Amino acid sequence: KSYSNLLLCIPTNSLRKFFFRLEVTTYPEACTCWQRTLLYCGPNSKLTHIPMSGEKITNLIIMQNNLTLQRNAFSSYKNLRRLKLKYNNLTDIPLGLFDRLQALERLDIRHNSIDQLPKGIFRGLQAVQWLFLSSNRLKHMPIDEMAVELPLLEWLVLSDNLLTLDNDRFPRLNLLLELNLNYNLITYIHPKAFYGLRNIRDIRLVGNPLKYLSSHTFLANQYLEALSLGYTPLQIHGSFLRQLNVSYLNLTGIPFGSIDFETINVMTNLKYIIYDRFYYCSMTPNVRMCRPISDGLSTFRDLLSKPVLRYSVWIMAFITLTGNIMVLWGRFIYRDENVTLAMVIRNLAFADLLMGFYLLTIGILDYSYRDEYHRVALDWITSWQCVAVGILAVSSSEVSLLILAFMSLERFLLIADPFRGHHSISSKTIFITLIIIWIMGASLAVAPVILWQSSTKYYGTYSGICFPLHIQEPYPLGWQYSAFLFLGINLSLLLIITLLYTALLVSIWRTRKATPLPLLECEFAVKFFFIVLADILCWAPIIAMKIWVFFNYSISNDIYAWLVVFVLPLNSAINPLLYTFTTPKYRNRILPQDWKKIISRRREKSSRDINTAMGSSNPGSAQKFT
């Protein structure tokens with residue numbers, strides 16, 4: 001009844017050929033026929049059974065219908081060569097369905113709900129070369145029948161099913177070239193499961209809960225070229241790898257600690273490898289092609305991949321080094337009556353200077369390794385030089401942040417609360433405090449060397465720049481310490497600095513409330529705003545990314561690159577401007593006389609108002625802050 005409305009499937013040549021040859025094929029009205037040999041029935045066909053048609057059809061495609069297959073469904077398709085039955089909600093394939101399809105070469109029954117295949121189901125498919133059964137619910141395959149029923153099989157796709165294999169062994173299929181078993185429930189593979197596949201070229205086992213593969217599993221597959229083991233809980237050990245002679249290896253999703261990189265690096269025939277992260281590629285520089293091709297910062301050829309990153313490193317290094325050297329020069333050349341403040345600023349400048357040396361080192365290394373980074377990547381990231389550079393950068397950032405927090409506390413006690421007995425801190429106390437800060441900063445940087453013994457696993461492995469941000473994946477080696485450093489210590493210090501300067505600004509605003517000057521014109525307010533803003537711009541993005549990655553959100557490669565090159569050294573570059581170059585004493589000593597006159601006229605009235613507002617409360621404290 002479904003096919004009472006029949007049409008003629010007439011070739012588009014001429015009617016003369018049609019009348020002479022009298023070759024007529026019938027098909028449902030909603031289907032489409034091309035060249036009398038291909039019949040396509042799409043989602044608008046609303047079929048429930050296979051349409052009866054003529055023997056001239058060689059290609060039959062039925063997609064997105066609700067089919068129920070009968071045993072004799074293909075009795076009229078004796079010359080069918082390609083059969084595609086995708087997305088048809090098939091749940092069962094009756095025995096004998098393919099008995100008369102002796103010319104069939106390609107069979108595609110993907111994306112259905114078939115849960116079992118009866119024994120003898122492949123009878124009649126002696127000519128089949130491609131068999132696609134992926135995205136079904138198959139729990140078992142009659143593998144032992146394939147040698148007899150599918151002697152010409154070249155490509156077998158069984159991915160996205162519920163297969164376990166257990167102790168199954170594939171029979172001798174001499175022509176089979178590719179076997180796809182991705183995303184099944186395979187936990188164990190018999191050591192001789194693939195012995196019958198003598199000419200197999202490509203085996204895919206991605207996404208299976210495989211816990212172990214014998215070193216003899218692929219011993220008989222001497223022509224095996226490609227092996228995909230991604231997203232499995234396997235330990236890719238040396239004894240297993242040494243038996244492989246593949247040119248392509250997919251290890252996507254396998255953790256860093258589960259891979260024997262040394263053995264991979266000496267696999268002479270391996271030309272192409274895929275990892276989960278770019279920094280894995282640094283461990284196997286002898287492999288010609290490696291994916292991913294970049295982490296946003298480095299590539300296979302260069303330590304710094306993009307010109308804008310290279311220029312940024314040199315610019316930030318120049319600004320940081322020049323600014324902090326000028327601070328040290330000014331503070332040492334010109335005597336300052338406030339010895340304690342000068343001591344703190346010198347230590348802050350020296351800590352920031354270390355960040356400048358770190359950036360300079362990265363810039364020099366990038367220039368030295370240009371176009372051949374892959375050759376030296378492994379030696380560099382596993383070297384003690386990389387560890388030293390990483391310790392230098394971490395020490396700089398931690399000491400600088402600790403000093404800023406100390407300065408915030410000291411200023412708050414002396415300015416915001418001058419009536420509770422807080423006096424100027426002695427030089428000895430400052431000296432001892434600074435020693436403790438340097439010891440803390442250096443200890444935080446050196447601790448991973450002790451905790452992980454082979455320190456390169458913490459500093460060098462995850463990036464060629466040797467700074468342990470660890471934001472490319474949530475739980476790499478040392479993630480606990482990195483989280484403690486950035487989310488524990490640095491986040492706490494950032495909150496302390498922000499809260500203290502906010503409280504200090506509120507206190508000064510209350511003191512100045514009686515003056516005619518509005519708050520926005522107050523130099524203190526502007527300076528405090530930029531101090532807090534600089535700290536937030538530097539550390540808040542890094543801390544936010546650390547938190548973000550723990551929720552399994554991926555950080556883009558570009559964000560990672562800019563965090564390292566620009567955001568991380570931002571504080572070290574701006575601190576000289578905030579804490580030295582904007583102070584009246586430094587300007588009076590460094591700037592030319594003409595600039596002094598201009599600035600002094602603008603500041604004269606503001607300074608008189610500040611002294612009026614704060615002098616009665618605590619003149620010494622106001623002078624101390626300035």
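Cut-offs and rules
- Residues numbered from 1 in each chain as written.
- Predicted model: local features only at pLDDT ≥ 70, side-chain atom pairs only at ≥ 80, totals over all residues.
- Heavy atoms only, no water.
- Helix = DSSP H or I, 4+ residues; strand = E, 2+ residues; numbered from the N terminus.
- Areas by Shrake-Rupley, 256 points an atom, 1.4 Å probe, with all protein chains shown as cover.
- Core = buried A, V, L, I, M, F, W, Y, C linked by side-chain atoms within 4.5 Å.
- Buried < 20%, exposed > 50% of the residue type's maximum accessible area, 1.4 Å probe, protein only.
- Contact = heavy atoms within 4.5 Å.
- Salt bridge = Lys/Arg side-chain N within 4 Å of Asp/Glu carboxyl O.
- Phe/Tyr/Trp six-rings, centres within 6.5 Å; stacked < 30°, edge-to-face > 60°.
- Disulfide = S-S within 2.5 Å.
- UniProt positions renumbered as here; feature names shortened; annotations may be inferred.
- Axes fitted to C-alpha atoms, helices over the stretch in contact; angles between N-to-C directions.
- Parallel < 35°, antiparallel > 145°, perpendicular 65-115°, else oblique.
- Left-handed = near helix turned anticlockwise from the far one by under 90°.
- Nonpolar A, V, L, I, M, F, W, Y, C, P; charged D, E, K, R; others polar.
- Polar contact = N/O pair within 3.5 Å; in protein donor to acceptor, adjacent residues only side chain to side chain.

Q: So, the overall build of the chain: which residues are in play, and what are the values?
A: Within the chain, the regular secondary structure consists of 17 helices and 15 strands. In the form shown here, the chain has an accessible surface area of approximately 29,800 Å², with 59% of it arising from carbon and sulfur atoms.

Q: Can you lay out the nonpolar core for me, pointing to particular residues and giving the numbers?
A: By size, the foremost hydrophobic cluster in this structure holds 174 residues, and its most contacted members are Phe74 and Phe98. The element contributing the most residues to this core is helix 8 (residues 384-416), with 14 residues. In this structure, Phe98 is in contact with Phe74, Leu83, Ile93, Leu107, Ile109, Ile121, Arg123, Gly124 and Leu125, ignoring residues within four places of it in sequence.

Q: Let's hear about the pattern of salt bridges: which residues, and what values?
A: Scanning the model with the defined rule gives eleven salt bridges in all. Here Glu178 ties to Arg204 by a salt bridge, and the two come within 3.4 Å at their closest N and O atoms. A residue pair is termed long-range when its members are at least 10 positions apart, and Glu178 in strand 10 (residues 178-180) and Arg204 in strand 11 (residues 202-204) qualify at 26 residues. With relative accessibility at 16%, the residue Glu178 sits in the buried group. The exposure class of Arg204 is partly exposed, given its relative accessible area of 28%.

Q: How would you summarise the packing of aromatic side chains if you had to cite specific residues and measurements?
A: Inspection of the entire model under this criterion finds 25 aromatic pairs. Centre to centre, the rings of Phe350 and Trp438 are 5.8 Å apart; their planes meet at 55°, and the pair counts as tilted. Of this pair, Phe350 sits in helix 6 (residues 339-368) while Trp438 sits in helix 9 (residues 427-451); the two residues are 88 residues apart in sequence, bridging distant segments of the chain. Here Trp562 and Phe566 contribute two aromatic rings whose centre-to-centre distance is 6.5 Å and whose plane-to-plane angle is 75°, an arrangement assigned as edge-to-face. Of this pair, Trp562 and Phe566 both sit in helix 13 (residues 557-567), four residues apart, which is roughly one turn of the helix. Phe566 sits in the partly exposed class, given a relative accessible area of 35%.

Q: So what's going on with the state of the cysteines? Residues and values would help.
A: Per the counting criterion, the structure on display carries three disulfides. Here Cys281 connects covalently by a disulfide to Cys290, the sulfurs 1.9 Å from one another. Classification of the bridge connecting Cys281 and Cys290 rests on its S-S torsion, roughly -80°, and on that basis the disulfide is left-handed. Both residues of the pair, Cys281 and Cys290, belong to the buried class.

Q: Before we move on, can you summarise the UniProt feature "transmembrane region" (unreviewed entry) in the chain with the specific residues and values?
A: Per the UniProt record, the feature "transmembrane region" (unreviewed entry) sits at residues 311-332, 344-367, 387-409, 430-452, 483-508, 528-553 and 559-581. Overall, residues 344-367 shows 100% helix and 0% strand. The separation of its end C-alpha atoms is 35 Å.

Q: Residues and numbers for the packing of helix 5 (residues 307-333) against helix 6, please.
A: One can describe the packing of helix 5 onto helix 6 by two numbers: an axis separation of 8 Å at closest approach and a directional angle of 150°. As judged from the angle between their axes, helix 5 and helix 6 are roughly antiparallel. Here the hand of the crossing between helix 5 and helix 6 comes out left-handed. Grouping the constituent residues of the contact of helix 5 with helix 6 by class yields 19 nonpolar, four polar and five charged.

Q: Go over the environment of Gln126 with me, naming the residues and quoting the values.
A: Tracing the chain through its elements places Gln126 in the loop between strand 7 (106-108) and strand 8 (130-132). For Gln126 and Leu101, which are 25 residues apart along the polypeptide, the C-alpha to C-alpha distance reads 8.9 Å. Not counting the four nearest positions on each side in its chain, Gln126 is found in contact with Val148, Glu149, Pro151 and Leu152. A polar side-chain atom of Gln126 sits 3.5 Å from a polar atom in the side chain of Glu149.

Q: I'd like a rundown of unusual backbone geometry, residues and numbers included.
A: In this chain, Arg291 is followed by Pro292 through a cis amide linkage whose omega measures 5°. If you trace the backbone, Pro292 turns up in the loop between strand 15 (289-291) and helix 5. We note that Tyr183 has phi near 55°; this positive angle belongs to a residue other than glycine. Topologically, Tyr183 is positioned in the loop between strand 10 and strand 11. For Tyr183, a relative accessible area of 41% puts it in the partly exposed group.

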